[in-house]
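A look at the structure
Next come the chains, spelled out residue by residue.
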Amino acid sequence: MLALHTKFTFEEGWSFVQKDVIKLIKNIEGESEPLLFYFYTIAYQMCIHKPDYSAELYEKYSEVIEDYAIQTVLPSLREKHGEDMLRELVRRWNNHKILVKRLTIVFGYLDKYFIPRRRIPSLSEVGLTCFRDLIYREMQSTATEVVLALIHKERKGEQIDRELVENVLEVYAKIGMGTMEKYDEDFERFMLQDTVSYYSRKASMWMKECSSSDYLLKACRR
């Protein structure tokens, strides 16, 4: 263990911090790992003493998030399909938020002092951007197809997991970083197109199968 108030190289300090970051990730993944958060103190020391390693830690923070997304999150999503994939997406989104929140505490000095001085994205923004670029962009098209398929089932009177759908759409909303842009672009416009197509098919079918009065009754009920 590194002694506090002593000088050490970036490699020495990061080696210690990295070990506990790995424990943190294992803990989030469900493995039992004791978390002491002593690495918060080391990370803080690496920022306040000369040389100042704040910039290097900022880069390492990004690397940790990216590596976790590529090595752990994406493989777990790629191997699942249908509703199971949606559930995994929601679980991975929740785990991602936990990881970013805990690492933001560990690297708190960066958010409080280093980032405002440099006018660069906050740790939470970096984490959200990483999830959007590495996870969301690959999975959203498939997720949209599965959600629309569930909506079709419900229209037919079948029971669906509405809470799951709501949780998936929350990811769409949050990934917009304060706007509904991603929700509008990646889900709502497809849902509206699908809805128009669905009722157009219904109308054509009713016109062929029903009398004029029955057709009007069905249309009014919709």
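As the structure is a prediction and not an experimental result, all values here were calculated from the model.

Cut-off values and rules
- Residues numbered from 1 in each chain as written.
- Predicted model: local features only at pLDDT ≥ 70, side-chain atom pairs only at ≥ 80, totals over all residues.
- Heavy atoms only, no water.
- Helix = DSSP H or I, 4+ residues; strand = E, 2+ residues; numbered from the N terminus.
- Buried < 20%, exposed > 50% of the residue type's maximum accessible area, 1.4 Å probe, protein only.
- Contact = heavy atoms within 4.5 Å.
- Areas by Shrake-Rupley, 256 points an atom, 1.4 Å probe, with all protein chains shown as cover.
- Salt bridge = Lys/Arg side-chain N within 4 Å of Asp/Glu carboxyl O.
- Core = buried A, V, L, I, M, F, W, Y, C linked by side-chain atoms within 4.5 Å.
- Axes fitted to C-alpha atoms, helices over the stretch in contact; angles between N-to-C directions.
- Parallel < 35°, antiparallel > 145°, perpendicular 65-115°, else oblique.
- Left-handed = near helix turned anticlockwise from the far one by under 90°.
- Patch = residues over 30% accessible without salt bridge, like charges linked within 9 Å, V, L, I, M, F, W, Y side chains within 5 Å.
- Phe/Tyr/Trp six-rings, centres within 6.5 Å; stacked < 30°, edge-to-face > 60°.

Concerning the overall build of the chain
Scanning the chain from N- to C-terminus turns up 9 helices and 0 strands. Buried positions account for 40% of the 222 residues belonging to the chain. A fraction of 70% describes how many contacts in the chain between residues 6 or more apart in sequence connect residues 24 or more apart. Working note: accessible area of the chain is about 13000 Å², and carbon and sulfur atoms make up 52% of it.

Examining the pattern of salt bridges
Side-chain pairs of opposite charge can arise whenever the charged atoms involved come near each other. Enumeration according to the criterion identifies 13 salt bridges in this entry. With a closest N to O distance of 3.3 Å, Arg-87 and Glu-83 form a salt bridge. Of this pair, Arg-87 and Glu-83 both sit in helix H4 (residues 82-106), 4 residues apart, which is roughly one turn of the helix. Overall, Arg-87 belongs to the partly exposed group, its relative accessible area being 38%. Arg-91 serves as the salt-bridge partner of Glu-88, at 3.0 Å between the closest nitrogen and oxygen. Taken as a pair, Glu-88 and Arg-91 lie in helix H4 at a separation of 3 residues, close to a single helical turn. Arg-91 sits in the partly exposed class, given a relative accessible area of 35%. Here the salt bridges do not stand alone but share partners, grouping Glu-29, Glu-88, Arg-91 and Arg-92 into one network.

Side note on the nonpolar core
Ranked by size, the top nonpolar core spans 63 residues in total, and within it Val-17, Leu-57, Leu-86, Leu-103, Phe-107, Leu-110 and Ile-135 carry the most contacts. Put simply, the parts of the chain that give this core at least two residues each are helix H1 (10-28), helix H2 (38-48), helix H3 (54-78), H4, helix H5 (108-118), helix H6 (123-155), helix H7 (162-174) and helix H8 (181-209). Counting residues per element, this core draws most heavily on H6, which supplies 14 residues. What Val-17 contacts, discounting residues up to four positions off in sequence, is Phe-39, Ile-42, Ala-43, Met-46 and Phe-107.

With respect to the packing of H1 against H2
Where H1 contacts H2, the two axes come as close as 9 Å, and the packing angle between them is 150 degrees. In terms of their interaxial angle, H1 and H2 are classed as roughly antiparallel. Note on packing geometry: the crossing formed by H1 with H2 is left-handed. Of H2, the residues touching H1 (which contributes Phe-10, Gly-13, Trp-14, Phe-16, Val-17, Asp-20 and Val-21) are Tyr-38, Phe-39, Ile-42, Ala-43 and Met-46.

Considerations on a nonpolar patch on the surface
A surface patch of nonpolar side chains, about 350 Å² in accessible area, is lined by Tyr-40, Tyr-44, Ile-48 and Ile-105. With 3 residues, H2 is the largest single contributor of residues to the nonpolar patch. Mapped onto the secondary structure, Tyr-44 falls in helix H2.

With respect to the packing of aromatic side chains
Taken as a whole and assessed by the stated rule, the structure comprises 7 aromatic pairs. Ring plane angle 75 degrees and centroid distance 5.9 Å describe the contact between Tyr-44 and Tyr-109, whose orientation is recorded as edge-to-face. On the criterion of sequence distance, the pair formed by Tyr-44 in helix H2 and Tyr-109 in helix H5 is long-range, its members being 65 residues apart. According to the relative accessible area criterion, Tyr-44 is partly exposed, its value standing at 34%. Considering the side-chain rings of Tyr-136 and Tyr-172, the 5.5 Å spacing of their centres and the 85 degrees angle between planes classify their relative orientation as edge-to-face. With a gap of 36 residues between them, Tyr-136 in helix H6 and Tyr-172 in helix H7 connect regions that are remote in the sequence.

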